[in-house]
Amino acid sequence: MDEEAAGKKRRAADAEMARVLKTKPLNIVSGLDPSSGGIAHWKHGALHDVVQPMADHVIMTYIDTMQPLERRAGKSVAKGVARPGVVTIIPAGTSARWDITGAVDVVQLYLPQATIERISAESGNAPPAELLERTGHLDPISSRLLTTAAEALDGHATLDVMFRQQITDLLATRLLAAHVGAPIVPPTVSGGLSPGVLRRALERLRTASDADVSLAALAADAGLSRFHFCRAFKESTGMPPHAWLRHYRLEQAKAMLCDPSMSVVTVAVALGYASQTAFAAAFKKLTGLSPSQFRRQTI
């Protein structure tokens, strides 16, 4: 069977995970930008099944879990422990039997191979070696990135998409450095955006519609790759684009909440949140106060 025919038989990662885990995810985010893959949060019970070849790589970490893992592929057996601070990687196109004896709380990233190749090319490197299989492999950096991705999805379309793009690029960079056959060291980048380019980027973040505020659009306007744009933007502002936009929206929210004529629902809608609940959760996470509590303290 040739490679193209084999590729056609690979299942979507989220569909294959739903089949073997025999449940639905607590939360799954995918969509507008296929190169950013998807992020899913699952809680599942014991697993004794064969995971069939998938179209994308699956990178996962664990929350409040301590369970033995066993992966069997032919005569090869890999064992580990599902626990915070470790990652498990299932490369695209691979198949193995998995045995997990108890409950697991897991965050998964579904990462297209095209994303890894893009990040490698943007770093000025040759095509990367194959992604390594990992079973409960200690990597607190990747683990924290994944758990942050699950925690930060707050119901605001622009922020969700931008954050997913950035977290995917960061994870792809980390995988190239720590989880391929021939590790790739990212180049050292110094210097920020020129004043004119930075001014245009900030203006776009302040005023553009959700469809226009993507890393790809911002990077293209700056004449840079996404990889180099994010590094240069952080050098200029002290924070990555999604964090800058989150801070800007928070300041907008505070100003609106100081106007007694605007209800909390109106503020949530004006700022583009999917619901009042999503806005209130995001606001409290950043300030420690609910919107109503903040309003009572400031008016």
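Refer to the preceding data block for the structure.
All figures in this text were calculated on a predicted structure; none of them were measured in a lab.

Participant: Hey, could you run me through helix α12 (residues 291-298) in this one?
Facilitator: Side chains three or four residues apart in an α-helix point the same way, a direct result of the helix having 3.6 residues per turn. Residues of α12 that are buried: Pro-291, Phe-294 and Arg-295. Taken around the axis of α12, the buried residues stretch over an arc of 100 degrees, which confines them to a single face. Exposed residues pointing more than 90 degrees away from the buried face of α12 are listed as Arg-296 and Gln-297. Close packing links the buried residues of α12 with α9 (241-257), α10 (264-270) and α11 (276-287).

Participant: How do you make sense of the pattern of salt bridges when you look at a structure like this?
Facilitator: Opposite charge on two side chains lets them pair, provided their charged atoms get close. Under the criterion given, the structure shown has 16 salt bridges. Between Arg-226 and Asp-169 there is a salt bridge, with its nearest N and O atoms 3.0 Å apart. Placement of Arg-226 in helix α8 (residues 226-237) and of Asp-169 in helix α5 (residues 157-178) is noted, with a sequence separation of 57 residues between them. When sorted by exposure, Arg-226 lands in the same class as Asp-169, which is buried. The residue Glu-203 makes a salt bridge to Arg-206 at a minimum N-O spacing of 3.8 Å. On the criterion of helical spacing, the pair formed by Glu-203 and Arg-206 is a turn pair, its members being three residues apart in helix α6 (residues 195-207). Looking at Arg-206, the relative accessible area reads 35%, which means it is partly exposed. The structure contains a network of salt bridges with shared partners spanning Arg-11, Glu-16, Arg-19, Lys-22 and Asp-49.

Participant: Would you mind showing me how to read the side chain of Glu-70 here?
Facilitator: With respect to the element layout, Glu-70 can be found in strand β5 (residues 67-73). The exposure class assigned to Glu-70 is buried, which follows from its relative accessible area of 17%. In this structure the side chain of Glu-70 is engaged in a polar contact, spanning 2.7 Å, whose partner is the side chain of Arg-72. Glu-70 has contacts with Val-77, Ala-78, Lys-79, Arg-97, Trp-98 and Asp-99, leaving out every residue within four places of it along the chain.

Participant: What exactly am I supposed to notice about α8 here?
Facilitator: Its twelve residues give α8 an end-to-end C-alpha distance of 16 Å, which sits within 8% of 16 Å, the value for a rise of 1.5 Å per residue. Among the residues making up α8, those that are buried are Arg-226, Phe-227, Phe-229, Cys-230, Ala-232 and Phe-233. Looking at the residues trailing α8, positive phi occurs at Gly-238, about 85 degrees.

Calculation rules
For every chain, the first residue of its written sequence is number 1, and the numbers climb from 1 along that sequence. Thresholds applied to this predicted model are a pLDDT of at least 70 for local features of residues and 80 or more for the giving and counting of side-chain atom pairs; totals over whole chains, interfaces and linings are not thresholded and use all residues. Just so you know, side-chain values use all the structure's heavy atoms and leave hydrogens and water out. Partly exposed describes any residue whose relative accessible area lies between the buried limit of under 20% and the exposed limit of over 50%, with all areas from a 1.4 Å probe on protein chains only and scaled to the type maximum. Secondary structure elements follow DSSP: runs of H or I no shorter than four residues count as helices, runs of E no shorter than two count as strands, and numbering proceeds from the N terminus. The directions from the helix axis to the C-beta atoms form the arc being described. Residue contacts follow a heavy-atom distance rule, with two residues in contact if any of their heavy atoms lie within 4.5 Å. Here, a salt bridge means any side-chain nitrogen of Lys or Arg that lies within 4 Å of a carboxyl oxygen of Asp or Glu. Each polar contact in these results corresponds to two N or O atoms within 3.5 Å; when the atoms are within protein, one needs to be able to donate a hydrogen and the other to accept it, and residues that are neighboring in sequence are counted only if both atoms are side-chain atoms. The span one expects for a helix is its residue count, reduced by one, times 1.5 Å.

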